[in-house]
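Reading the structure
Each chain, letter by letter, is given below.
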Amino acid sequence: MTGSELPSPDVFEAARRSAVAVTIHDADSFEGMRRAGRLVAEVLDLLVPEVKPGVTTAYLDKLAYEYTCDHGGIPACLGYRGYRHTLCTSVNHVVCHGIPNDKPLREGEIVNIDHTVIVDGWYGDSSRMYLVGDVKLKARRLVDVTYESMLRGIAAVKPGATTGDIGHAIQSYAEGEERCAVVRDFCGHGLGRVFHALPNIVHYGKPGYGIALKPGMFFTIEPMINLGSYGVKVLNDGWTAVTRDRSLSAQFEHSVGVTEEGVEIFTRSPKGWDKPPYL
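All of these numbers come straight from a predicted model, not from anything done at the bench.

The three strands are arranged β3-β12-β11 in an open sheet whose pairing can be described as antiparallel. The open sheet terminates on both sides in strands that have one partner only, identified here as β3 (94–96) and β11 (232–234). Each strand axis lies, on average, 40 degrees off the axis of its neighbour in the sheet, ignoring direction.

Structure representation (structure tokens):
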């Protein structure tokens with residue numbers, strides 16, 4: 001699940017000054033994150049052949065709940081701050097935190113499915129875009145740009161780099177090269193034995209700014225990219241965030257850990273289905 005709305009600049013400054021604000025995990029912790037990451041990736045793989053015209057997101061939510069529980073996991077979003085579902089399902093112009101419902105998916109739509117599990121106390125958090133039937137070129141391009149944006153953010157992760165380096169890598173590609181817009185209102189987040197923690201991973205920024213990355217830091221990188229402007233508003237349900245101009249939005253998310261050499265992705269698809277078309 002995407003981090004909550006961005007905190008005030010004071011929070012970022014406090015984190016920058018305080019080394020103890022960000023948990024540094026040991027080698028055994030990486031194994032815990034691998035188990036959690038694999039389960040959440042298996043669930044997202046399970047949903048690949050199920051996302052098609054006529055299927056409801058409520059049905060997908062049920063499948064994810066059953067598989068997670070049957071394989072030793074706990075759905076982390078269920079009950080989180082009163083949320084009553086396993087998945088977040090964000091269709092078309094929904095940026096994030098879309099709520100599963102009984103409305104059938106339609107031909108040509110795009111949907112982000114975001115899932116978080118708890119395995120032996122460790123959180124695995126990931127999301128992918130799914131294409132519903134035959135999708136128009138502009139929507140497929142947005143999905144491709146968003147996936148590449150995430151990869152470029154991940155590639156910037158290494159000891160001694162900063163959170164600003166991650167944001168700059170994403171923004172310079174998505175906005176500078178592809179003329180899309182990076183959402184400002186939501187961010188990636190630290191995780192491990194807690195759902196949301198520092199560091200906050202903002203998907204735009206300047207190189208060299210922010211928190212310095214150290215081996216043992218765990219966090220998500222989850223850029224939300226819009227075809228139109230970056231403006232977002234949250235609907236009256238308190239969860240669903242949509243683009244203000246109703247332009248299409250896409251998102252991908254991986255949970256990663258900083259290693260001595262660079263970065264490890266915990267939530268890769270066991271079947272290689274990290275980017276559509278999956279089949």
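The next subject is the side chain of E253. By the secondary structure assignment, E253 is in the loop between β13 (249–251) and β14 (254–258). Buried within the structure, E253 lacks any salt-bridge partner; its nearest side chain of opposite charge belongs to R128, at an N-O separation of 10 Å.

With that out of the way, let us pick up the confidence of the model for the protein. In regions of low pLDDT, the predicted coordinates are not meant to be interpreted in detail. For the protein, the average pLDDT comes to 94, and 94% of its residues sit at 70 or higher. Segment residues 11–20 is flagged for pLDDT under 50; beyond a separation of four residues in sequence, or across chains, it makes eleven contacts in the model.

Compared with the 20 Å implied by 1.5 Å per residue over 14 residues, the 20 Å span of helix α3 (residues 57–70) between its first and last C-alpha is a close match. For α3, the full list of buried residues reads T57, L60, D61, L63, A64 and T68. All buried residues of α3 fall inside an arc of 160 degrees around its axis, so they share one side. Turning to α3, the residues buried within the fold contact α2 (27–46), β1 (74–75), β2 (88–91) and β4 (110–119).

As enumerated under the stated definition, the model contains zero disulfides in all. Left unpaired, C96 is separated from the closest cysteine sulfur, that of C88, by 7.8 Å. The thiol sulfur of C187 is not disulfide-bonded, and the nearest other cysteine sulfur, from C96, lies at 10 Å.

Following L198, the chain continues into P199 via a peptide bond in cis, with omega recorded as 10 degrees. With respect to the secondary-structure elements, P199 resides in strand β8 (residues 197–201). Residue P277 is reached from P276 by a cis peptide bond, and omega for that bond is 0 degrees. Tracing the chain through its elements places P277 in the segment after β15 (263–265). Even without being a glycine, N92 presents a positive backbone phi close to 60 degrees. One can find N92 in the loop between β2 and β3. Positive phi is not limited to glycine here, since D120 has a value of about 55 degrees. Tracing the chain through its elements places D120 in the loop between β4 and β5 (122–131).

Moving on, we get to the packing of α2 against α3. Where α2 contacts α3, the two axes come as close as 10 Å, and the packing angle between them is 140 degrees. When the axes of α2 and α3 are compared, the crossing they make is right-handed. Along its contact with α2, which presents L39, E42, V43 and L46, the element α3 presents L63, A64, Y67 and T68. The class makeup of the residues in the contact of α2 with α3 is six nonpolar, one polar and one charged.

Criteria and thresholds
- Residues numbered from 1 in each chain as written.
- Predicted model: local features only at pLDDT ≥ 70, side-chain atom pairs only at ≥ 80, totals over all residues.
- Heavy atoms only, no water.
- Pairing = 2+ DSSP bridges.
- Helix = DSSP H or I, 4+ residues; strand = E, 2+ residues; numbered from the N terminus.
- Axes fitted to C-alpha atoms, helices over the stretch in contact; angles between N-to-C directions.
- Buried < 20%, exposed > 50% of the residue type's maximum accessible area, 1.4 Å probe, protein only.
- Lys, Arg positive; Asp, Glu negative; His and termini not counted.
- Salt bridge = Lys/Arg side-chain N within 4 Å of Asp/Glu carboxyl O.
- pLDDT = per-residue confidence, 0-100.
- Contact = heavy atoms within 4.5 Å.
- Expected span 1.5 Å × (residues − 1).
- Arc of directions from axis to C-beta.
- Disulfide = S-S within 2.5 Å.
- Left-handed = near helix turned anticlockwise from the far one by under 90°.
- Nonpolar A, V, L, I, M, F, W, Y, C, P; charged D, E, K, R; others polar.

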